[in-house]
Amino acid sequence: MYLSLRNDLSKNISIILSLMFVSAGALYCASDFKPVGVDELLFSSKPSSRVGCNESDSRYVAPTDSDPYKVSISFSGAAFCFPYHLGVAAYLQENYYLSKVRFIGASAGAMASTLLACDVDIAKDVIGTKVKSDGTWNVTNDDSWLDKIYGKLKNKSTGVYFNIANVMRDNPLPQITDDFNEQATDRATFSLTNISSWWPRNERVNQFTSRKELIDYVLGSCHIPWLVNGSFSTLVDGQRYIDGWFTDGQPVFNAKTIKVHTYMGSIWSIAPFSWNSLYGTTSMSRNRGIYRDGYMYAKSQGDIANGLWEPLKEFRKKCK
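These remarks concern the structure in this document. (Residues numbered from 1 in each chain as written. Predicted model: local features only at pLDDT ≥ 70, side-chain atom pairs only at ≥ 80, totals over all residues. Heavy atoms only, no water.)

**Comments concerning the overall build of the chain**
Helix and strand content of the chain: 12 helices and nine strands. The contacts of the chain with a sequence gap of at least 6 include a subset with a gap of at least 24, amounting to 74%. Counting only carbon and sulfur atoms, one obtains 56% of the accessible surface of the chain, whose full area is about 14,400 Å². (Helix = DSSP H or I, 4+ residues; strand = E, 2+ residues; numbered from the N terminus. Contact = heavy atoms within 4.5 Å. Areas by Shrake-Rupley, 256 points an atom, 1.4 Å probe, with all protein chains shown as cover.)

**Describing the pattern of salt bridges**
Taken as a whole and assessed by the stated rule, the structure comprises 14 salt bridges. Linking R288 and D147 is a salt bridge whose minimum nitrogen-to-oxygen distance equals 2.7 Å. On the criterion of sequence distance, the pair formed by R288 in helix α12 (residues 284–302) and D147 in helix α6 (residues 145–153) is long-range, its members being 141 residues apart. For R288, a relative accessible area of 6% puts it in the buried group. Here D147 falls in the buried class, since its relative accessible area comes to 16%. One salt bridge connects K313 with E310, and the closest N-O pair in it is separated by 3.2 Å. (Salt bridge = Lys/Arg side-chain N within 4 Å of Asp/Glu carboxyl O. Buried < 20%, exposed > 50% of the residue type's maximum accessible area, 1.4 Å probe, protein only.)

**Looking at the environment of V228**
In this structure, V228 sits in the loop between α9 (211–221) and β7 (234–236). Considering only alpha carbons, one finds V228 and F162, 66 residues apart in sequence, at a separation of 4.6 Å. Not counting residues within four places of it along the chain, the set of residues in contact with V228 comprises F162, N163, I164, A165, N166, C222 and H223.

**Remarks on the pairing of strand β2 (residues 101–106)**
Buried residues dominate β2, accounting for six of its six residues. Burial along β2 is two-sided: the residues V101, F103 and G105 and R102, I104 and A106 are all buried. In this view, the connection linking strand β1 (residues 71–75) to its parallel neighbour β2 by way of helix α3 (residues 82–95) has right-handed handedness. (Right-handed = clockwise from strand over helix to strand, strands pointing away.)

**With respect to the environment of L278**
Tracing the sequence through the fold places L278 in the loop between α11 (272–275) and α12. Since its relative accessible area comes to 3%, L278 is described here as buried. Separated by 51 residues in sequence, L278 and L227 place their C-alpha atoms 8.9 Å apart.

**Overview of unusual backbone geometry**
Of note, A79 is a non-glycine position whose phi angle comes to about 50 degrees, a positive value. In this structure, A79 sits in the loop between β1 and α3. Take A79: its relative accessible area is 12%, and that puts it in the buried class. Unlike most non-glycine residues, N306 shows phi in positive territory, near 60 degrees.

**A look at the nonpolar core**
With 77 residues, the main nonpolar core has I73, L92, Y150, W309 and L312 as its most contacted residues. In terms of residue count, α3 provides more of this core than any other element does, eight residues in total. Ignoring anything within four residues of it in the chain, the contact list for L92 reads I73, F75, L98, W309 and L312. (Core = buried A, V, L, I, M, F, W, Y, C linked by side-chain atoms within 4.5 Å.)

**Comments concerning the pairing of β1**
Summarising burial for β1: five of the five residues are buried, a large majority. Judged by which residues are buried, β1 turns out to be covered on both faces: V71, I73 and F75 on one side and S72 and S74 on the other are all buried. For β1 and β2, the ladder comprises five bridges, and the chain directions are parallel. Across the sheet, the residue bridging to I73 is F103, located in β2. For β1 and strand β9 (residues 258–260), the ladder comprises three bridges, and the chain directions are parallel. Its bridge partner lying in β9, S74 is registered against K259. (Pairing = 2+ DSSP bridges.)

**What about the side chain of N194?**
Structurally, the position occupied by N194 is in strand β5 (residues 188–194). The exposure class assigned to N194 is buried, which follows from its relative accessible area of 0%. Looking at N194, its side chain comes within polar contact range of the side chain of E203, at 2.8 Å. Only 3.0 Å separates the side chain of N194 from the side chain of Q239, close enough to count as a polar contact. Beyond its immediate stretch of four places on either side in the chain, N194 contacts W199, P200, R201, E203, Q239, R240 and Y241. (Polar contact = N/O pair within 3.5 Å; in protein donor to acceptor, adjacent residues only side chain to side chain.)

Pasting the structure below:
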């Protein structure tokens, strides 16, 4: 009874917060969705079209034609639908060699980008779930990182709300070792909203000097005001940040960047209050269902000619 009442309350709170935060984000980044200027991010010295963008920040080094990465994949913000990105990422790990792929993400997309850049086994270690070809799934590890995180959140009076960032910070994924900041540097890029000045501006970060700094920037990109830890912003390296979705929710390097957002190809993909849902519960069954949805969509694109993963075709693993 308690859990039912708590989740009903959480759902109502999330609907209100969705209206507040998503509307605010739309006001901040309205110009960001104009279909112009994406190539400038790589090939031009002209200012980016991103809101208040600071391209000269020392934490960001823009990719060049001479770097070793041949394909870029962008993961959008997703709030508590983040397991969808994990499902897409797990499919990619199973079916493609990704050593020549770079990743860029905002909010929950920053999390997926980090895990892929650090070659963490998402299906086994992060969510402990194997998706079958028919869309059903098996729980292969009920002691996975997310199982542990959500197990701790169940003991919190407000569930995932106001707690999730601190619980993740206090219980980091063991597979993200001390030297993984070097592996993530250049290969993983995060979109954040810097609010240290009078007007919010977007920043990108892909240079990390320590494991702690890598985690701090990931959580900074994921910082939905108040909702994730009860604070309006998060402090990293002397700067205050909120969720990167507000100023660049689908960051790209150029027009060829593969873009992934939740429930692509669905009617929900055009409804921001659905695909960027702030509705979160402590149910791992729900998380696994969303994870399955992401995996199956990624699979559907990999099974067709000229699908979303066409730029990765030379990296496709051979069937066993």
